[in-house]
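Tertiary structure, described
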Amino acid sequence: RPPRLVDGADPALAQMMRRILPMCSAHAVLRRYRSSRSRYEFGQVAHALSSAVGTFLDRCEGSVGDLEDRLLEGQLTMQELWASVRSDARTLEVLRSITEEVE
């Protein structure tokens, strides 16, 4: 379901948020999968997938920390934010799809 934004929002900002918010949702799904399937009792494949998802998310979270630093310094625009995270957008959606399928 696409995010609902405030009526009258700047169209460019609204479009950018429609791109970024699904990434946040996918991150939450993947973090939940990671915490629930990381034990061996779910099998070696689930454990390996959980570990790989965790490694990817840790890298993403490190990148977000770097972006936060730039934001706090006043050196980050929405366009720069999107340019920095768009390469991970597809990976997040693919991993979300995989984890939802195997769960």
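What comes next concerns the included structure.

Cut-offs applied
Residues numbered from 1 in each chain as written. Predicted model: local features only at pLDDT ≥ 70, side-chain atom pairs only at ≥ 80, totals over all residues. Heavy atoms only, no water. Helix = DSSP H or I, 4+ residues; strand = E, 2+ residues; numbered from the N terminus. Buried < 20%, exposed > 50% of the residue type's maximum accessible area, 1.4 Å probe, protein only. Contact = heavy atoms within 4.5 Å. Lys, Arg positive; Asp, Glu negative; His and termini not counted. Charge placed at Lys NZ, Arg CZ, Asp CG, Glu CD. Axes fitted to C-alpha atoms, helices over the stretch in contact; angles between N-to-C directions. Parallel < 35°, antiparallel > 145°, perpendicular 65-115°, else oblique. Left-handed = near helix turned anticlockwise from the far one by under 90°. Nonpolar A, V, L, I, M, F, W, Y, C, P; charged D, E, K, R; others polar. 1 Å grid on protein atoms, 1.4 Å probe; cavity = no way out; pocket = protein on both sides within 12 Å on 5 of 7 lines; lining within 4 Å. Points joined across faces, edges and corners; volume = space filled by probe spheres on them. Expected span 1.5 Å × (residues − 1). Bend = angle between axes of the 7 residues up to and from the residue. Patch = residues over 30% accessible without salt bridge, like charges linked within 9 Å, V, L, I, M, F, W, Y side chains within 5 Å. Areas by Shrake-Rupley, 256 points an atom, 1.4 Å probe, with all protein chains shown as cover. Salt bridge = Lys/Arg side-chain N within 4 Å of Asp/Glu carboxyl O.

Of regular secondary structure, the chain possesses 3 helices and 0 strands. The helix and strand sequence of the chain, counted from the amino end, reads α-α-α. Reported as C-alpha extents along the three principal axes, the dimensions of the chain are approximately 50 × 30 × 20 Å. Across the 103 residues of the chain, 26% fall into the buried class. Long-range pairs, those at least 24 residues apart, make up 64% of the contacts in the chain with a sequence separation of at least 6. Across the chain, the centroid of the 14 positively charged side chains sits 6 Å from that of the 15 negatively charged ones.

With that out of the way, let us pick up the packing of helix 1 (residues 11–36) against helix 3 (residues 78–102). Interhelical geometry of helix 1 versus helix 3 gives an angle of 40 degrees and a closest axis separation of 8 Å. Taken together, the axes of helix 1 and helix 3 lie oblique to each other. When you trace helix 1 past helix 3, the crossing you get is left-handed. Across the contact of helix 1 with helix 3, the residue classes tally to 18 nonpolar, 4 polar and 5 charged.

Turning to the layout of surface pockets, a few remarks are in order. Estimated volume of the largest pocket: approximately 460 Å³. Contributing to the lining of the largest pocket are 19 residues, with Ile 20, Val 64, Leu 67, Leu 81 and Val 85 lying nearest its centre. Those elements giving two or more residues to the lining of the largest pocket turn out to be helix 1, helix 2 (44–72) and helix 3. Residue contributions to the lining of the largest pocket peak at 7 residues, all from helix 2. Here the residues of the lining of the largest pocket are counted per class, giving 12 nonpolar, 4 polar and 3 charged.

Compared with the 36 Å implied by 1.5 Å per residue over 25 residues, the 34 Å span of helix 3 between its first and last C-alpha is a close match. At Val 85, helix 3 shows its maximal bend, which comes to roughly 45 degrees. By the burial criterion, the buried members of helix 3 are Leu 81, Trp 82, Val 85, Asp 88, Ala 89, Leu 92, Leu 95, Arg 96 and Thr 99. The inward-facing, buried residues of helix 3 abut helix 1 and helix 2.

Moving on to a negative patch on the surface. On the surface, Asp 66, Glu 68, Asp 69 and Glu 73 cluster together into a patch of negative charge. When you line up the elements, Glu 73 lands in the loop between helix 2 and helix 3. Using a relative accessible area of 54% as the deciding quantity, one classes Glu 73 as exposed.

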